[in-house]
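Secondary and tertiary structure notes
Chain by chain, the residues run as shown.
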Amino acid sequence: MLPEISKLIKKLDSLDYVVEEELATILLLMLKLKKPLLLEGPPGVGKTEVAHIIASYLNTKFIRLQCYEGLDSASTIYEWNYQKQLLSIKLTEGSGLSSAEKESHIFGDEFLLKRPLLQAITESDKAPVLLIDEIDRADEEFEAFLLELLSAYQISIPEMGTVKANHIPIVVLTSNRTRELSDALKRRCLYHWVPYPEFQKELAIINKHLPDINQVLATQLVKFVQYLRSLKLDKSPGISESIDWAEGLIALGAKAFTQDYIDKSLGVILKSDKDITNIRSQGIDSILNEIEA
Amino acid sequence: MQHYSNYSGLEASVLGFCELCRSHELSIGLNHSEEALMAAQSGFINDSKSFKIALRSIFCSCEEEYSTFDRFFDIYWRKKRHEYMPKTRTRKQTKIIKQTKGSVVLVGSGDEEETKKDGARTVSGANKMESLRKTDFSKVADIDHLLLDELAEKLLLQLNHRLKRRLRASKDGKIDLRKTIRRNLSQGDNLFELLKKNRKFEKYRMIILLDVSGSMDKYSFYLLKFIWTLKSNFKKIEAFVFSTKLLRITEFIEKVQIDQAMLQMNTNSDHWSSGTVIGKCLQEFNDQYSKKVLLKLNCLETTAWIQANLNCYQKS
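Each chain carries its own residue numbering, running from 1 in the direction its sequence is written. Key to labels: chains lettered from A, ligands numbered from 1, both in the order written. Where local features are concerned, this predicted model is filtered to residues with pLDDT of at least 70; where side-chain atom pairs are given and counted, the filter is 80 or more; whole-chain, interface and lining totals use all residues. The basis for every side-chain value is the complete set of heavy atoms in the structure, and neither hydrogens nor water enter the calculation.

1. Here we look at the environment of K114 of chain A
Residue and element names in this part refer to chain A. Numbering goes from the N terminus for both helices and strands, where a helix is a DSSP run of H or I of at least four residues and a strand is a run of E of at least two. The residue K114 is located in strand β4 (residues 112–114) in this model. Exposure is judged per residue with a 1.4 Å probe applied to protein chains only, and the accessible area is read against the type maximum: over 50% gives exposed, under 20% gives buried, and values in between give partly exposed. With relative accessibility at 35%, the residue K114 sits in the partly exposed group. With 36 residues separating them in the primary sequence, K114 and Y78 have C-alpha atoms 4.7 Å apart. Sequence-distant contacts of K114, defined by excluding residues within four places in its chain, comprise I77, Q119 and T122. In protein, a polar contact means a hydrogen-donor-capable atom and an acceptor-capable atom, both N or O and within 3.5 Å, with residues adjacent in sequence counting only if both atoms are side-chain atoms; elsewhere, any N or O pair within 3.5 Å suffices. Within the local environment of K114, its side chain forms a polar contact with the side chain of T122, the two groups lying 3.4 Å apart. Contacts are residue-level and defined by heavy atoms, with any inter-residue pair within 4.5 Å sufficient.

Quick look at the structure:
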């Protein structure tokens with residue numbers, strides 16, 4: 001392993017983030033090439049957390065853009081504060097300013113409402129971390145718009161001209177792969193598929209979050225969750241659900257991973273009635289025996 | 001056939017690897033080559049595993065490409081490794097290097113032959129999924145049918161999703177002056193809040209005639225799935241299948257599950273994959289259903305090869 005990578009792993013570990021060699025290598029590459037990183041994977045595997053931890057590691061500002069269907073440029077780049085502009089016009093009515101002066105005044109920085117993308121490229125101190133979360137939920141039109149931003153790092157505002165990035169932001173895009181992203185967007189990014197964590201990694205994550213947890217309980221819980229992921233469920237549990245479950249069991253005062261506690265708290269890990277019924281009908285006892293074997 | 005062993009120097013080796021990947025399904029542009037070179041020069045080349053991970057993140061654009069990439073990386077760089085990477089060789093490693101010397105060329109030529117054999121996949125610059133998206137159903141190899149089913153399901157879901165989205169009123173319509181004035185009456189003459197007009201969409205009725213004769217075998221299954229997907233996006237869909245007979249399948253496609261719909265069609269139809277008597281079928285359609293369903297016709301789709309039955313079609 002390269003010394004820089006092991007150093008990064010140690011640093012992230014000190015920030016309570018468990019990262020394996022592969023992801024650490026890609027993060028290092030992203031920082032060296034200054035290229036956006038596209039993380040794809042099932043929900044709940046910690047894709048969003050990567051952006052948070054990079055911001056903490058670099059001690060820089062974190063800007064998040066949550067994507068959704070119908071997301072438009074007004075909500076992502078900028079908007080004019082219309083009400084404030086109107087008030088300003090009223091206030092300057094008797095001031096004797098020319099209409100050109102009035103216009104340049106109301107289309108100034110004071111009236112500009114910066115949205116995440118504009119914030120990211122106008123950050124003056126340091127390159128911020130920009131998280132474009134769940135890009136697969138946004139429309140293709142928005143995806144096409146991002147192409148310009150991710151290659152030129154500039155935005156055109158008709159009233160003000162082109163705004164260029166002071167510092168190239170560190171961009172992390174996440175996708176749950178509900179739809180295929182365009183090749184053009186993928187070409188502009190480094191790509192990493194984030195799978196569900198393996199047993200050891202998941203155990204380490206739970207220990208990081210809950211250092212006082214009983215080791216036997218944590219081990220059995222992780223084995224159980226790993227088993228659930230191997231089944232065909234409507235919604236497989238992610239890492240966050242495992243942590244919540246462990247926290248829940250501790251809150252319930254569980255000393256051991258028994259059928260009673262599992263049955264009571266199954267709703268923490270499974271988010272579908274069908275899945276819960278399936279697991280109960282399969283028999284929690286038999287599952288426990290199977291994972292122990 | 002490329003002789004990658006002819007390259008020398010780090011730059012040439014990286015470019016040679018790009019060339020190899022490019023000729024085997026991975027879509028790699030000039031910027032990727034440049035970035036691969038930058039990664040190598042910034043120290044990743046010093047560790048084979050790190051270099052592999054770095055190049056994989058640059059070259060691959062989906063998880064499915066990982067295995068292809070890994071295969072070519074191992075073949076290509078196993079040979080080049082000793083030139084750039086620290087020498088931590090054992091006797092066993094030396095043996096592996098010897099084995100790969102010839103296999104770089106062999107694999108290159110082997111895959112080219114395979115590609116030539118597989119006509120359905122020879123879409124330039126596209127990966128397997130992409131090429132399958134552009135391939136005619138009739139040219140799809142049997143082995144790809146499962147993959148195609150999966151792909152069709154995904155595409156149909158996307159189609160359904162998009163159609164639904166289009167029917168939703170946009171917030172970005174024109175300013176509705178009447179509503180805006182009314183809303184801002186309390187503000188005097190200041191129009192603080194701007195209200196927009198909502199676009200209204202009208203759902204259309206659709207009539208579909210689908211040819212399910214023998215020649216359409218490879219298409220009809222997917223087109224039926226397509227019709228089933230469309231049902232929720234139109235006011236009313238009237239669907240018919242025909243070959244030597246005409247069958248109205250409107251009630252079957254109303255089923256919630258596509259499997260149920262298919263099963264119903266299967267049990268009610270005995271003329272699937274037979275010949276085509278398009279004229280007779282259209283005549284039957286005219287006689288029995290046209291008055292009921294053609295009150296307001298917006299769209300008529302037929303997938304049949306009308307040319308062959310043109311005379312009969314004109315008569316009907």
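Picking up where we left off.
2. Notes on the interface of chain A and chain B
The partner chain B presents 37 residues to the 32 residues of chain A that form the contact. Two parts placed together each lose some accessible area under a 1.4 Å probe, and adding up what both lose gives the buried area. For the pairing of chain A and chain B, the buried interface totals around 3,000 Å² over both sides, and the portion due to carbon and sulfur atoms is 52%. Among the residues of chain A in contact with chain B, L2, E69 and Y191 of chain A are the three that bury the most area, contributing 19% of the side total. Any carboxyl oxygen of Asp or Glu that lies within 4 Å of a side-chain nitrogen of Lys or Arg is treated as forming a salt bridge with it. Here chain A is connected to chain B by 4 salt bridges. Close ionic contact of R177 of chain A with E64 of chain B constitutes a salt bridge, the shortest N to O distance being 2.6 Å. Applying the counting rule to chain A against chain B returns 10 residue pairs in polar contact (both at pLDDT 80 or more). Looking at the side of chain A that touches chain B, the elements with two or more residues in it are α2 (21–33), α5 (82–91), α9 (183–187) and β9 (190–193) of chain A. Top contributing element to the side of chain A that touches chain B by residue count: α2 of chain A, with 8 residues. Broken down by class, the residue content of the side of chain A that touches chain B amounts to 14 nonpolar, 3 polar and 15 charged. Classes in brief: Ala, Val, Leu, Ile, Met, Phe, Trp, Tyr, Cys and Pro nonpolar; Asp, Glu, Lys and Arg charged; the others, Gly included, polar.

3. Quick word on a nonpolar patch on the surface
All names here are of chain B. Among the surface-exposed residues, I175, L177, I181, L185 and L194 lie close enough to one another that they form a single nonpolar patch of about 470 Å² accessible area. Within the secondary structure, I181 is located in helix α8 (residues 177–183). Owing to a relative accessible area of 43%, I181 belongs among the partly exposed residues under this scheme. Patch membership requires over 30% relative accessible area and the absence of a salt bridge. Like charges are linked within 9 Å, and nonpolar side chains (Val, Leu, Ile, Met, Phe, Trp, Tyr) within 5 Å. Surface accessibility in these figures is a Shrake-Rupley result with a 1.4 Å probe; residues are shielded only by whichever protein chains are displayed.

4. Some remarks on the sheet that holds strand β2 (residues 62–66) of chain A
Residues and elements named next belong to chain A. Spatially, the 5 strands line up as an open sheet ordered β2-β5-β8-β1-β9, and their pairing is parallel. Among the strands making up the open sheet, the edge pair consists of β2 and β9. Averaged over all pairs of adjacent strands, the angle between their axes in this sheet comes to 20°, without regard to strand direction. With 5 bridges connecting them, β2 and strand β5 (residues 129–133) associate as parallel partners. Opposite I63, over in β5, you have L130 as the bridge partner. DSSP calls a pair of strands paired once it identifies at least 2 bridges connecting them. Helix axes are fitted only over the stretch in contact, all axes being lines through C-alpha atoms; the angle between N-to-C directions runs from 0 to 180 degrees.

5. Some thoughts on the pattern of salt bridges
All names here are of chain A. For the structure shown, the criterion picks out 25 salt bridges over all chains. Measuring nitrogen to oxygen at the nearest pair gives 3.1 Å for the salt bridge that ties K32 to E4. Remark: E4 occurs in helix α1 (residues 3–14) and K32 occurs in helix α2; sequence separation between them is 28 residues. The partly exposed category is assigned to E4, whose relative accessible area is 39%. Here R177 and E180 are joined by a salt bridge, their closest N and O atoms 3.6 Å apart.

6. Section: the state of the cysteines
Residue and element names in this part refer to chain B. For this text, the term disulfide refers to a pair of cysteine sulfurs within 2.5 Å. Enumeration over the complete set of coordinates arrives at 0 disulfides over all chains. C62 forms no disulfide, and the closest cysteine sulfur to it belongs to C60, at a distance of 7.4 Å. The exposure class assigned to C62 is buried, which follows from its relative accessible area of 8%.

7. Focus: the environment of L29 of chain A
Positionally, L29 of chain A belongs in helix α2. The class for L29 of chain A is buried, based on a relative accessible area of 0%. When the C-alpha positions of L29 of chain A and L190 of chain A are compared, they lie 8.7 Å apart, and in sequence the two are 161 residues distant. Excluding residues within four positions of it along the chain, L29 of chain A makes contact with K34 and L190 of chain A together with A39, F44, A54, S57 and I58 of chain B.

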